[in-house]
Amino acid sequence: MASSTATRVLAPVGAAGNLFAFALDVGRGLFRRPFQLREFIQQAWFIASVTIIPTALVAIPFGAVIALQVGGLIKQFGAQSFTGSASVLAVVQQAAPIGTALLIAGAGGSAIAADLGARKIREELDAMMVLGIDPIQRLVVPRVLAAMLVAVFLNGLVSVVGVAGGYVFNVGLQGGTPGAYIASFTALAQLPDLWVGLLKALVFGMIAAIVAAYKGMNANGGPKGVGDAVNESVVITFVLLFIVNFVLSAIYLQVVPPKTG
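Nothing here was measured: the structure is a model prediction, and the numbers come from that model.

Broken down by element type, the protein chain carries 9 helices and 0 strands. Along the chain direction, N to C, the helices and strands of the protein chain fall in the order α-α-α-α-α-α-α-α-α. Among the 261 residues that make up the protein chain, the fraction classed as buried is 42%. Within the protein chain, residue pairs in contact and separated by at least 24 positions form 85% of the contacts whose partners lie at least 6 positions apart.

Structure below.
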């Protein structure tokens, strides 16, 4: 009785350890040759094709909501001239990386988990290992790198569309002036804000792909097990993303003090 309880309590710890060990294996696989360039290009194109339109559509309400909330709050303090700068900071630092990561995990990550899970239950991964082919180096590494690359580009797309959406809603619905919105970009924002957004997108893309690949390669129980692995990968990725985002944001604010414009 006590042993079974202890096993249930320690199960999440073991799963976290296995995921971390899998991430280390992926890291080692990055430096092995030959590099699967064709697989990398195919996966990057696939992930981009399934995420670019949803990401662009999600970016518009992100920018709109931020512009409406920030604009209304700043208006109460009589600092309307900082509306554009505050909206840009919120989009570039937080909304763009998180929105990108959610789409990468929800669309690209689920596809990765389903693909590798199907290979697992068809015993293709075992056959590759019998032939002396490392599935991590052959299948996982190109997918992780592809997700990281696409995440960086999608982050730029969300940033541009989000800022443009915020501009339209601020000028059109809140009575802001176009010149003041654009001129205030440099009042509080600074170049490191853009770099930390790109870094977050890179890390989030890596996490989403690693979690999806891990759950897919450890799927069992037939097609139902593959479906469960896809669902679990998305949920775990979402939880990790918000934790990592908090840590990166806290470190960034300590390293790069906010601009007092």
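On we go from here.
The biggest cluster of nonpolar side chains holds 35 residues, and the ones touching the most others in it are Phe22, Ile104 and Val140. Secondary structure elements with two or more residues in this core: α1 (2-29), α2 (37-76), α3 (83-121), α4 (124-130), α5 (135-173) and α8 (191-217). The dominant element in this core, judged by the number of residues it contributes, is α5, at 11 residues. Residues within four places of Val140 in sequence aside, it is in contact with Phe22, Val26, Leu116, Pro135, Ala213 and Met217.

Here the focus is the pattern of salt bridges. Counted according to the given criterion, the structure contains 9 salt bridges. The salt bridge partner of Glu39 is Arg138, with a shortest N-O separation of 3.5 Å. Taken together, the positions of Glu39 in helix α2 and Arg138 in helix α5 put the pair 99 residues apart, joining distant regions of the chain. Accessibility expressed as a relative area gives 12% for Glu39, which makes it buried. Taken together, the shared-partner salt bridges connect Glu39, Asp115, Arg119, Arg122, Glu124, Arg138 and Arg143 into one network.

What follows is about the environment of Gly63. Mapped onto the secondary structure, Gly63 falls in helix α2. The exposure class of Gly63 is buried, given its relative accessible area of 2%. If sequence neighbours within four positions are ignored, Gly63 has contacts with Val91, Gly162, Gly165 and Gly166.

What follows is about the UniProt feature "transmembrane region" (unreviewed entry) in the protein chain. Feature annotation in UniProt assigns "transmembrane region" (unreviewed entry) to the following positions: residues 6-24, 45-74, 94-118, 139-169, 194-214 and 234-255. Between the C-alpha atoms that bound residues 94-118 there is a distance of 34 Å. The span itself is 100% helix and 0% strand. Split by type, residues 139-169 is 100% helix and 0% strand. Its first and last C-alpha atoms lie 44 Å apart.

Analysis parameters
Residues numbered from 1 in each chain as written. Predicted model: local features only at pLDDT ≥ 70, side-chain atom pairs only at ≥ 80, totals over all residues. Heavy atoms only, no water. Helix = DSSP H or I, 4+ residues; strand = E, 2+ residues; numbered from the N terminus. Buried < 20%, exposed > 50% of the residue type's maximum accessible area, 1.4 Å probe, protein only. Contact = heavy atoms within 4.5 Å. Core = buried A, V, L, I, M, F, W, Y, C linked by side-chain atoms within 4.5 Å. Salt bridge = Lys/Arg side-chain N within 4 Å of Asp/Glu carboxyl O. UniProt positions renumbered as here; feature names shortened; annotations may be inferred.

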